[in-house]
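Read off the chains here:
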Amino acid sequence: MSRRLAEVAKKVGVSEATVSRVLNGKPGVSQGTRDAVLTALDVLGYERPTKLRGERSRLVGLVLPELVNPIFPAFAEVVGGALAQQGFTPILCTRTAGGITESEYIDLLLAQHVSGVIFAGGLYAEREADHTHYERLQALKLPVVLINASIETLDFPHVSCDDLIAVHQALDHVISMGHTQIGLLLGPADHVPSERKLAAARVFAQARGVEIDPRMVAHSQYSLESGQAAANRLLEAGATAIVCASDPLALGAVRAVRRAGKDVPRDISVVGYDDSALMNSTDPALTTVRQPIDAMGRAAVDLLAAMIAGGEVSRDELLFEPELVVRRSTAAAPAGS
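Residues numbered from 1 in each chain as written. Predicted model: local features only at pLDDT ≥ 70, side-chain atom pairs only at ≥ 80, totals over all residues. Heavy atoms only, no water.

A. Layout of the overall build of the protein chain. When helices and strands are tallied, the protein chain shows eleven helices and twelve strands. Here the C-alpha coordinates of the protein chain stretch approximately 85 × 35 × 30 Å along the principal axes. Here the protein chain, with 337 residues, has 53% of them falling under the buried criterion. Within the protein chain, counting contacts between residues at least 6 apart in sequence, those at least 24 apart form 70% of the total. Carbon and sulfur atoms form 51% of the exposed surface of the protein chain, whose accessible area is close to 15,000 Å². (Helix = DSSP H or I, 4+ residues; strand = E, 2+ residues; numbered from the N terminus. Buried < 20%, exposed > 50% of the residue type's maximum accessible area, 1.4 Å probe, protein only. Contact = heavy atoms within 4.5 Å. Areas by Shrake-Rupley, 256 points an atom, 1.4 Å probe, with all protein chains shown as cover.)

Written out as structure tokens, the structure is:
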């Protein structure tokens, strides 16, 4: 107990006696100092006394699927900064292969008495995944906001980039340059944003007189290596343009084209999605659909802050419009294609 008092006192910059008064619910401590002591207790990993556990800290969990894809560190920067501006401290939780699972992170965050959680990508978008930990959060009525599409049964507010508009922009771009053999390189088949992109692509292509051949649809994990393997199938099917569901997938497609002895964009055009860091510095610079991550991240934090304050927020999906960024990885379809 004395060690805990000393650590908390040192972190907050008060005496051990002050920390003791807070933990024992005694008067004579300002509300600001009291809040600081309770937050320090959470940050240091100590359990609050039973009588104080109902009071939540100013901690917010930020759960990401990974940090390899540069779009997620970008979201972390925006969301973390917006949380800090509103007086919250983010706790970053990222999944790694063989590491802590999303469900285990939720256990840890609940033990820290977080005020809420923001998920920027995760199992909520995968139909075949275990969603028990989300249902637990629903039952606890903990404020939660999701970034990008989720399965329909999860009743959380969420902000999304409009997949329909994103696909329309990408397809309109390559079709306008004469491409008719267009491949779609998407995420896993049970991934909700990929489902949406595929459905939107089929409707849009049909309206433009272009058919999306089933052989021109490839599903992949969201990595450069998986994207390369899946892109090989699209090249074998005769694709002259490949529209991808992420920038790493697009970079995998570029690598596949080169390994096949072809050139981007002379032989094959490639379009990414996200406009993550350094996509203007790749060779060739990547044409991609930009997610408005700054606006989306700040909106997610605003929703969460309103919920933490006890306000009612809409459960309707808040859609943000993407922007096509044309660079050097797309060009006119090869003659005779």
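This is not the end of the story, as more comes after the structure.
B. Spatial organisation of the pairing of strand β9 (residues 269-274). The element β9 is extensively covered by neighbouring structure, given that six of its six residues are classed as buried. With three bridges connecting them, strand β8 (residues 241-244) and β9 associate as parallel partners. For Ala 241, the partnering residue across the bridge sits in β9 and is Ser 269. This β-α-β element, β8 to helix α10 (residues 247-259) to β9, shows right-handed connectivity. Two strands pair when backbone bridges link them, and β9 and strand β10 (residues 287-290) are joined in this way by four bridges, in the parallel orientation. (Pairing = 2+ DSSP bridges. Right-handed = clockwise from strand over helix to strand, strands pointing away.)

C. Quick look at the sheet that holds strand β4 (residues 144-147). What the six strands build is an open sheet, ordered β2-β1-β3-β4-β5-β11; its pairing is parallel. The open sheet has two edge strands with one neighbour each: β2 (89-94) and β11 (318-320). Averaged over all pairs of adjacent strands, the angle between their axes in this sheet comes to 15°, without regard to strand direction. Here strand β5 (residues 158-161) pairs with β11 via three bridges, running parallel. In the sheet register, Ser 160 faces β11, and the bridge partner there is Leu 319. (Axes fitted to C-alpha atoms, helices over the stretch in contact; angles between N-to-C directions.)

D. Main features of the pattern of salt bridges. What the rule picks out here adds up to 16 salt bridges. Glu 152 is the salt-bridge partner of Arg 127, the closest N and O atoms lying 2.8 Å from each other. Of this pair, Arg 127 sits in the loop between β3 (116-120) and α6 (132-140) while Glu 152 sits in the loop between β4 and β5, placing them 25 residues apart in sequence. In this structure, the salt-bridge partner of Asp 283 is Arg 258, at a minimum N-O distance of 3.8 Å. Residue Asp 283 is located in the loop between β9 and β10, and its partner Arg 258 is located in helix α10; the two are separated by 25 residues in the primary sequence. Judged by relative accessible area, Asp 283 falls into the exposed class, the value being 56%. (Salt bridge = Lys/Arg side-chain N within 4 Å of Asp/Glu carboxyl O.)

E. Highlighting the sheet that holds strand β12 (residues 323-325). Here we have six strands laid out as an open sheet, ordered β7-β6-β8-β9-β10-β12, and mixed in their pairing. A strand with exactly one partner marks an edge of an open sheet, and here the two such strands are β7 (217-219) and β12. Adjacent strand axes in the sheet meet at a mean angle of 20° when their direction is disregarded. Here β10 runs beside β12; their pairing, made up of three bridges, is antiparallel. In the sheet register, Thr 288 faces β12, and the bridge partner there is Val 325. The sheet strands contacting α10 are β6 (182-186), β8, β9 and β10, and the helix crosses β9 at an angle near 160°.

F. Just the environment of Leu 109, in detail. Tracing the chain through its elements places Leu 109 in helix α5 (residues 102-111). Taking the C-alpha atoms as reference, Leu 109 lies 17 Å from Pro 49; in sequence the two are 60 residues apart. Not counting residues up to four positions away in its chain, the partners in contact with Leu 109 are Gly 61, Val 63, Ile 91, Cys 93, Val 114 and Val 117.

G. Representation of the side chain of His 158 within the structure. Structurally, His 158 can be placed in strand β5. The residues contacting His 158, other than those within four sequence positions of it, are Val 145, Leu 146, Asn 148, Ala 149, Ser 150, Asp 316, Glu 317 and Leu 318.

H. Just the pairing of β4, in detail. Burial of the side chains of β4 extends over both faces: Val 144 and Leu 146 are buried on one face and Val 145 and Ile 147 on the other. Looking at chain direction, β3 and β4 are connected through four bridges and run parallel. The residue bridging Ile 118 from the neighbouring strand is Val 145, located in β4. This β-α-β element, β3 to α6 to β4, shows right-handed connectivity. As judged from the two bridges shared by β4 and β5, these two strands associate in the parallel manner. Within β5, the residue paired with Leu 146 across the bridge is His 158.

I. Quick peek at the packing of helix α4 (residues 71-85) against helix α11 (residues 293-308). Between α4 and α11, the shortest axis-to-axis distance is 9 Å and the interhelical angle comes to 45°. Considering the angle they form, α4 stands oblique to α11. At the point where α4 passes α11, the crossing takes the right-handed sense. Note on element contacts: α11 touches α4 through Ile 293, Asp 294, Met 296, Gly 297, Arg 298, Val 301 and Leu 304, opposite Ile 71, Ala 74, Phe 75, Val 78, Val 79, Ala 82, Leu 83 and Gln 85. Residues that form the contact of α4 with α11 fall into these classes: eleven nonpolar, two polar and two charged. (Parallel < 35°, antiparallel > 145°, perpendicular 65-115°, else oblique. Left-handed = near helix turned anticlockwise from the far one by under 90°. Nonpolar A, V, L, I, M, F, W, Y, C, P; charged D, E, K, R; others polar.)

Coordinates in, geometry out; function isn't part of it.
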